[in-house]
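# Geometric and topological summary
Each chain, written out:
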Amino acid sequence: MARFRMLVRGAAVLLAASVSTATTGALPVPHAAAVVSVVVAGDGDTDGDGLPDTGDGCPTVASTNPTGCPTAPRRAALTWLGGAARLQVQVTSPVTSCAARARLVLWRVRADRDVKLAGVIASRHGRHRFRVPRGATYYVTVAPSYSSGEAECAKAVSRRVRVPRS
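Before going into details, it helps to say that this report is about the structure given with it. Position labels on residues start from 1 in each chain and follow its written sequence. Where totals are concerned, whole chains, interfaces and linings use all residues; where local detail is concerned, this predicted model gives features only for residues with pLDDT of at least 70, and gives and counts side-chain atom pairs only at 80 or more. Water and hydrogen atoms were dropped before computing side-chain values, which therefore reflect all heavy atoms in the structure.

Two strands make a pair as long as DSSP finds a minimum of two bridges between them. In this description a helix means any DSSP run of H or I spanning at least four residues, a strand means any run of E spanning at least two, and both kinds are numbered starting from the N terminus. Across the sheet, which stays open at both edges, the 3 strands sit in the order β5-β6-β9 with antiparallel pairing between neighbours. What marks the edges here is a single partner per strand, and that holds for β5 (75–81) and β9 (127–130). Strand-to-strand twist in this sheet, taken as the mean axis angle between neighbours without regard to direction, amounts to 20°. In this structure, β5 lies alongside strand β6 (residues 86–92), joined through 7 bridges in antiparallel fashion. In the sheet register, Thr79 faces β6, and the bridge partner there is Gln88. Inter-axis angles, ranging from 0 to 180 degrees, are taken between N-to-C directions of lines fitted to C-alpha atoms, where helices are fitted over the stretch in contact.

Right, here's the structure in full:
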């Protein structure tokens, strides 16, 4: 009796075969097994981070992140524009795509717990202006995200800004 089994994991193919026969009388027949490993061409790891290039988001840059891309830092600067009577947030990052279209949340500081006021998307330049009630303190959070083929963009929190009453 012969059994063949083929297992596919990632891009590597493992072929295992086992052969066994029945015993004849009191003498057992030896068991034979063969294992063949085949690696499919074009399944390399250019950057050496352990992820095959086919599943690596950044195949030329080594990273331990699950996407294969490095983490890029971000900074959120919140300022009061007195003349325009608005709060302005500016998101910056060494990776341009981490600042553009960032997901922002505006928070109002309260004694018991902070209140979420707005969730918006920044402009392609990483900016947004908020009209807010005066006489309160605010801050902005930027959600972490993934910029395909470039970086995993880190989260950011701005400093707290007190808006004057008048």
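That covers the picture; the talk isn't over yet.
Formally, a disulfide is one covalent bond, and it connects the sulfur atom of one cysteine to the sulfur atom of another. In this description, the term disulfide denotes a pair of cysteine sulfurs within 2.5 Å. This structure, assessed with the given rule, holds 1 disulfide. Residue Cys98 pairs covalently with Cys153 via a disulfide, S to S 2.0 Å. One quick way to see it: the torsion about the S-S bond of Cys98 and Cys153 is about -75°, and its sign makes the bridge left-handed. Taken together, the residues Cys98 in helix α1 (residues 96–99) and Cys153 in strand β12 (residues 151–153) connect sequence positions 55 residues apart. Across the pair, Cys153 and Cys98 agree in class, each one buried. Summary of the burial criterion: residues with accessible area below 20% of their type's maximum are buried, those above 50% are exposed, and those between are partly exposed, where the area comes from a 1.4 Å probe applied to protein chains only.

In this section: the nonpolar core. Among the nonpolar cores identified, the biggest contains 19 residues, and Leu87, Leu104 and Tyr138 are the most heavily contacted of them. Judged by nonpolar contacts, the second largest core, of 5 residues, contains Ala72, Val95, Cys98 and Cys153. Note on terminology: a nonpolar core comprises buried Ala, Val, Leu, Ile, Met, Phe, Trp, Tyr and Cys residues joined through side-chain atoms within 4.5 Å.

Moving on, we come to the side chain of Thr137. In this fold, Thr137 is placed in strand β10 (residues 137–142). Thr137 gets classed as buried once you look at its relative accessible area, which sits at 18%. Contact between two residues is taken to exist if any of their heavy atoms lie within 4.5 Å; hydrogens are not considered. Contact partners of Thr137, with chain neighbours within four places excluded, come to Trp107, Arg108, Val109, Arg160, Val161 and Arg162.

Assignment of secondary structure puts Gly82 in the loop between β5 and β6. Separated by 84 residues in sequence, Gly82 and Ser166 have C-alpha atoms that sit 9.4 Å apart.

Turning our eyes to something else, we now look at the sheet that holds strand β11 (residues 145–147). The sheet built from 3 strands is open, its strands ordered β4-β12-β11 with mixed pairing. Each of the sheet's edge strands pairs with one partner strand only, and the pair in question is β4 (71–72) and β11. In this sheet, β12 lies alongside β11 in antiparallel orientation, the contact comprising 3 bridges. Its bridge partner lying in β12, Tyr146 is registered against Glu152.

From the geometry alone we can't say anything about function, so treat these as descriptive.
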